[in-house]
Amino acid sequence: MGGPGVIDGKEHNETDNFLPCEFVIDGIKYSSAENYFQCAKTTNSEDREKILNSGPGDECRLAGQTVQLRPDWEAEKVNEMYKGNLAKFQQNSDLKEALIQTGDSPITFTESTPFWNHWNSLIMQRIRAELRQNGDQDLKYVEEIRQAMEKYSQENR
């Protein structure tokens, strides 16, 4: 279900949520953005540990399908995907630099559901603009995407 985003006709592995890479959020080490995302949906430590130890890729996605979802999951899932990916890029300078170097072209995802293809594209473009900090255009773009994410969250509470 995962896969890299496409920028100017070329796949960019740094954008793949399943890409193995380590980062820490709230003192916990994750093995990919997908690993963090699947852990974030849980309601108890047993399920969280099962997912955390399942690895970075499809195994953690499958493990995440077996757990009870936290009550606010639908409203928060886009924000959690953003949070995991932001940490991934902030804590892995090689991935951060690769993303920044992609310029201004749209980032397109095609290997997931229509919902996640849309949101992963926006999440990656928001993170790229935030990390690049290239003036008013980036600030405006970040704010537009942040507002779209907030609207989605509010509509699904």
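Right, let's walk through the structure included here. (Residues numbered from 1 in each chain as written. Predicted model: local features only at pLDDT ≥ 70, side-chain atom pairs only at ≥ 80, totals over all residues. Heavy atoms only, no water.)

**Considerations on the overall build of the chain**
Worth spelling out the cut-off: Note on conventions: DSSP H or I runs of at least 4 residues are helices, E runs of at least 2 residues are strands, and numbering of each starts at the N terminus. Radius of gyration here is computed from C-alpha atoms only, and the compact-globule reference equals 2.2 Å multiplied by the residue count raised to the power 0.38. Note on definitions: a residue-residue contact is assigned when non-hydrogen atoms from the two residues lie within 4.5 Å. Computed with a 1.4 Å probe, the accessible areas rest on the Shrake-Rupley method; for each residue, only the protein chains presented here act as cover. Only four residue types enter the tally: Lys and Arg on the positive side, Asp and Glu on the negative side, with His and both chain ends excluded. By convention, the charge on Lys lies at NZ, on Arg at CZ, on Asp at CG and on Glu at CD.
When its secondary structure is counted, the chain shows 7 helices and 4 strands. Computed over C-alpha atoms, the radius of gyration of the chain comes to 15 Å, within 12% of the 15 Å expected from 2.2 N^0.38 for 157 residues, which places it in the range of a compact globule. Principal-axis analysis of the C-alpha atoms gives the chain an extent of 45 × 35 × 30 Å. In the chain, 60% of the contacts between residues at least 6 apart in sequence involve partners at least 24 apart. Counting only carbon and sulfur atoms, one obtains 48% of the accessible surface of the chain, whose full area is about 8,000 Å². Looking at the chain, you have 18 positive and 27 negative side-chain charges, and the mean spots of the two groups are 2 Å apart.

**Examining the side chain of Asp16**
Here is the rule: Accessibility here uses a 1.4 Å probe with only protein chains present; expressed as a share of the type maximum, an area under 20% marks a residue as buried, one over 50% as exposed, and anything in between as partly exposed. Salt bridge, as used here, is a side-chain nitrogen of Lys or Arg placed within 4 Å of a carboxyl oxygen of Asp or Glu. Between N or O atoms, a polar contact is any pair within 3.5 Å; within protein, one atom must be a potential hydrogen donor and the other a potential acceptor, and residues adjacent in sequence are included only when both atoms are from side chains.
Along the chain, the position of Asp16 falls in the loop between strand E2 (10-12) and strand E3 (23-25). No salt bridge is formed by the buried Asp16; its nearest oppositely charged neighbour, Lys88, is found at 6.7 Å. Polar side-chain contacts of Asp16 include one of 2.9 Å to the backbone nitrogen of Phe18. The contacts of Asp16, once residues within four sequence positions are left out, are Gly2, Gly3, Pro4 and Lys88.

**Section: unusual backbone geometry**
Its identity is not glycine, yet Asp26 carries a phi of approximately 50°, on the positive side. Within the secondary structure, Asp26 sits in the loop between E3 and strand E4 (28-30). Within the chain, Gln133 stands out as a residue other than glycine whose phi angle is a positive 45°.

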